[in-house]
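As a plain string of letters, each chain reads:
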Amino acid sequence: MRIAQALTIAGSDNGGGAGIQADLKTFQELSVYGMTVITAIAAQNTTGVQGVFPISYEGIAQQLDSTGDDFKPNAVKTGMLYSTEIIQLVAEKWRHYEWSNLVIDPVMVAKGGAPLLQQQAIQTLITELIPHARITTPNIPEAELLTGMSIRNLSDREEAARRLVQMGSTYALIKGGHDTGGMIVDVFYDGRSFHYLENIRIVTPHTHGTGCTYSAAITAELAKGSSVLAAVTTARAFIQAAIEDELGIGAGHGPTNHFAYQRRQRGER
Ligand SMILES: Nc1ncnc2c1ncn2[C@@H]1O[C@H](COP(=O)(O)OP(=O)(O)O)[C@@H](O)[C@H]1O
Ligand SMILES: Cc1ncc(COP(=O)(O)OP(=O)(O)O)c(N)n1
């Protein structure tokens, strides 16, 4: 049996809650073989980001080539891409290796406020990468920056999702974690109709890496051949379990629990 394979192109979080580390843990939990291309080293912990150290252009190009020359990932996810140059490079290699199932988590700012994407790179993301996306998964502030509109209510989220699809992303998911209400509503758009993934907001400080983990779970499910809506639905259950069964690690905003979903599947909760 050929195992499903997924590649993440993202930054490193030494604390293990977000970035490459969250992606690999999520792939593994969902029985998908994970591969990485590291774009930047973010020195961080649960209290914030202390430094960002981009990998050289040549270093990223070589990682992409070493991956593409030998492996055939069934799905590819992008997270922290940091600069215009890195986005252009990823788009070029995407075309060259004819990869499929691109999941774009347009990481821009960490929850503590540290920038993870240079301001001038947002336009490059829109013109160079989003047209290749199977699905793009911004949180509300990211969706506002990508679409140039302010998002205040549900119909704004729907309009933002429409605009992402107009930019060329086949599907869009506007994540509702940054909303302040008691319910979190993630808006999924398939180009024709909307689906709403609603959940009660869990009151916890331990939500570091939720966006990375959610999009990695979508990527893993796409790698295994799921439809996009089925992938998002499973991923939503994965992130819900990961937030609910908190680990309580670190003095600040701790990581989510990547073990939780499978433990529940095995009845071990
Ligand atoms: N407190 C919470 N309770 C329940 N689900 C949450 C909570 N915070 C985040 N999520 C889930 O995680 C997803 C990603 O979180 P969000 O904060 O929107 O993105 P990001 O981590 O990229 O900023 C949300 O869409 C939601 O499904
Ligand atoms: C290396 C790296 N990549 C992405 C993030 C942001 O992760 P996200 O899932 O948006 O969660 P928060 O950090 O915002 O809680 C990161 N911190 N580091």
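Here is what the cut-offs are and how they apply
Residues numbered from 1 in each chain as written. Chains lettered and ligands numbered in written order. Predicted model: local features only at pLDDT ≥ 70, side-chain atom pairs only at ≥ 80, totals over all residues. Heavy atoms only, no water. Helix = DSSP H or I, 4+ residues; strand = E, 2+ residues; numbered from the N terminus. Buried < 20%, exposed > 50% of the residue type's maximum accessible area, 1.4 Å probe, protein only. Contact = heavy atoms within 4.5 Å. Near = heavy atom within 4 Å. Polar contact = N/O pair within 3.5 Å; in protein donor to acceptor, adjacent residues only side chain to side chain. Areas by Shrake-Rupley, 256 points an atom, 1.4 Å probe, with all protein chains shown as cover. Nonpolar A, V, L, I, M, F, W, Y, C, P; charged D, E, K, R; others polar. Core = buried A, V, L, I, M, F, W, Y, C linked by side-chain atoms within 4.5 Å. Pairing = 2+ DSSP bridges. Salt bridge = Lys/Arg side-chain N within 4 Å of Asp/Glu carboxyl O.

A. Just the environment of glycine 168, in detail. Following the sequence through the fold, glycine 168 ends up in the loop between helix H6 (154-167) and strand E7 (171-174). Here glycine 168 falls in the partly exposed class, since its relative accessible area comes to 28%. Among residues more than four places away in sequence, those in contact with glycine 168 are Ile130, Pro131 and Ala133.

B. Spatial organisation of the site of ligand 1. Surveying the vicinity of ligand 1 reveals 17 residues, the closest of which are Asn139, Lys175, His178, Asp186 and Thr210. Contact between ligand 1 and lysine 111: an oxygen atom at 3.0 Å from a side-chain N or O atom of the residue. Between an oxygen atom of ligand 1 and a side-chain N or O atom of histidine 178, the distance comes to 2.7 Å. Protein contact buries 94% of the 550 Å² of open area that ligand 1 shows by itself. For the shell around ligand 1, the elements supplying multiple residues, two or more each, are strand E8 (183-189), helix H7 (210-223) and helix H8 (228-244). Counted by class, the shell around ligand 1 contains six nonpolar, six polar and five charged residues.

C. Spotlight on the site of ligand 2. The environment of ligand 2 is formed by 16 residues, the closest being Gln44, Lys111, Gly209, Gly211 and Cys212. Backbone polar atom of glycine 209 to an oxygen atom of ligand 2: 3.1 Å apart, as the coordinates give it. Within the backbone of cysteine 212, one N or O atom sits 2.8 Å away from an oxygen atom of ligand 2. The fraction of the free accessible surface of ligand 2 (420 Å²) that becomes covered by protein chains is 96%.

D. Looking closely at the nonpolar core. If you look at the biggest cluster of nonpolar residues, it comprises 49 residues, and the most contacted ones within it are Ile9, Leu64, Leu81, Leu125, Leu129, Leu146 and Ile174. It is helix H3 (residues 84-97) that contributes the most residues to this core, seven residues altogether. Setting aside chain neighbours within four positions, we find isoleucine 9 in contact with Val37, Thr39, Leu64, Val76, Lys77, Thr78, Gly79, Leu81 and Val90. Within the second largest apolar cluster, 30 residues are counted, among which are Ala217, Ala235, Ala242 and Ile243.

E. Up close: the side chain of threonine 147. Topologically, threonine 147 is positioned in helix H5 (residues 140-147). When its relative accessible area of 10% is taken as the criterion, threonine 147 is described as buried. In this view, threonine 147 contacts Ala160, Arg163, Leu164 and Met167; residues no more than four positions away in its chain are not counted.

F. Quick peek at the sheet that holds strand E5 (residues 102-104). Read across the sheet, nine strands follow the order E3-E2-E1-E4-E5-E6-E7-E8-E9 without closing on themselves; strand pairing throughout is mixed. Every other strand in the sheet has two partners, leaving strand E3 (48-54) and strand E9 (194-200) as the edge strands with one partner each. Pairing between strand E2 (residues 33-45) and E3: six bridges, direction antiparallel. In the sheet register, alanine 40 faces E3, and the bridge partner there is proline 54.

G. Region of the structure containing helix H1 (residues 19-29). Considered for burial, the residues of H1 that qualify are Gly19, Ile20, Ala22, Asp23, Thr26, Phe27 and Glu29. Buried residues in H1 make contact with strand E1 (5-13), E2, strand E4 (75-78), H7, H8 and helix H9 (260-265).

H. Up close: the pattern of salt bridges. All told, the structure shown has 13 salt bridges when counted by the stated rule. As a salt-bridge pair, aspartate 23 and lysine 77 come within 2.8 Å of each other at their nearest N and O atoms. With aspartate 23 in helix H1 and lysine 77 in strand E4, this residue pair connects regions lying 54 residues apart in the sequence. In this structure, aspartate 23 and lysine 77 share a single accessibility class: buried. The closest approach of N and O atoms between aspartate 245 and arginine 264, which form a salt bridge, is 2.8 Å. Of this pair, aspartate 245 sits in the loop between H8 and H9 while arginine 264 sits in helix H9, and the two are 19 residues apart along the sequence. On the basis of relative accessible area, arginine 264 is assigned to the partly exposed category, the value being 24%. Among the charged side chains, a network of salt bridges with common partners joins Asp65, Glu92 and Lys93.

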